[in-house]
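Understanding the architecture of this molecule
Here are the chains, one letter per residue:
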Amino acid sequence: MKKKITNLLAIMALIFASSFTANAQEIGARFGEVSAGNIAIDGIFSTGQFSRVHADISFGDGAAFDVLWDFLYRPLGDEAFHYYVGVGPYIWINDPFWLGAAGEIGLEYHFNEVPIALGFDWRPAISIVEETDIHFSGFGFNIRYVIGN
């Protein structure tokens with residue numbers, strides 16, 4: 001059973017990584033409290049002018065996938081600062097297995113001269129499967145390379 005989960009996880013990671021190269025608008029890392037450790041591959045996929053998908057894949061203590069839809073993504077004063085609010089599912093593959101939903105609220109800065117974005121966010125989460133629990137400690141720092149405009 002563990003070998004099947006490992007193979008499935010490897011296939012999902014390859015599909016996830018290839019989607020970054022095909023559609024990514026920002027790719028980088030998230031440091032802090034993530035589902036399966038303290039570092040994750042972090043990517044942003046635009047879904048419109050003021051919304052986007054914010055996805056993470058993390059390894060360490062198992063493997064985890066977070067896919068959050070930032071339905072509110074707006075400039076804050078100066079156009080280099082943006083705030084965002086979102087929600088979406090997460091899955092953590094380990095023993096025990098966790099499935100739940102996470103929220104996200106954050107602030108980021110896009111440099112004008114270099115294609116870099118820095119962000120800080122908070123992701124409270126609720127676990128539904130295998131145990132029901134609420135997690136309030138999901139603070140993280142993001143650094144991403146901006147692809148395109």
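Because the structure is predicted, anything quoted here is derived from the model rather than measured.

A word on the overall build of the protein
In terms of regular secondary structure, the protein is built from one helix and ten strands. Taken from the N to the C terminus, the helices and strands of the protein come in the order α-β-β-β-β-β-β-β-β-β-β. Considering only contacts within the protein whose residues lie at least 6 apart along the sequence, 45% involve residues at least 24 apart. For the protein, the accessible area works out to roughly 8300 Å², and carbon and sulfur atoms hold 67% of it.

Quick word on the side chain of arginine 144
Tracing the chain through its elements places arginine 144 in strand β10 (residues 139-146). Only 2.5 Å separates the side chain of arginine 144 from the side chain of glutamate 108, close enough to count as a polar contact.

A short note on the packing of aromatic side chains
What characterises a pair of aromatic rings is the spacing of the ring centres plus the angle enclosed by the ring planes. Evaluated as defined, the whole model comprises six aromatic pairs. When the centroid spacing of 4.9 Å and the interplanar angle of 85° are considered together, the rings of tyrosine 109 and phenylalanine 111 count as edge-to-face. By way of ring pairs, the aromatic residues Phe81, Tyr109 and Phe111 are connected into one cluster. Positioned over the ring face of tyrosine 84 is arginine 52, at 4.4 Å from the centre of the ring. The ring of phenylalanine 50 carries arginine 74 above its face, with NZ or CZ at 4.2 Å from the centroid.

Overview of the pairing of strand β7 (residues 116-122)
Burial along β7 is one-sided: Ala117, Gly119 and Asp121 are buried, while Ile116, Leu118, Phe120 and Trp122, pointing the other way, are not. Pairing geometry for strand β6 (residues 98-110) and β7, over six bridges, is antiparallel. In the sheet register, glutamate 108 faces β7, and the bridge partner there is glycine 119. Adjacent in sequence and paired antiparallel, β6 and β7 are bridged by five residues. In this structure, β7 lies alongside β10, joined through seven bridges in antiparallel fashion.

Reading the values: rules and limits
Residues numbered from 1 in each chain as written. Predicted model: local features only at pLDDT ≥ 70, side-chain atom pairs only at ≥ 80, totals over all residues. Heavy atoms only, no water. Helix = DSSP H or I, 4+ residues; strand = E, 2+ residues; numbered from the N terminus. Contact = heavy atoms within 4.5 Å. Areas by Shrake-Rupley, 256 points an atom, 1.4 Å probe, with all protein chains shown as cover. Polar contact = N/O pair within 3.5 Å; in protein donor to acceptor, adjacent residues only side chain to side chain. Phe/Tyr/Trp six-rings, centres within 6.5 Å; stacked < 30°, edge-to-face > 60°. Lys NZ or Arg CZ within 6 Å of the ring centre and 35° of its normal. Buried < 20%, exposed > 50% of the residue type's maximum accessible area, 1.4 Å probe, protein only. Pairing = 2+ DSSP bridges.

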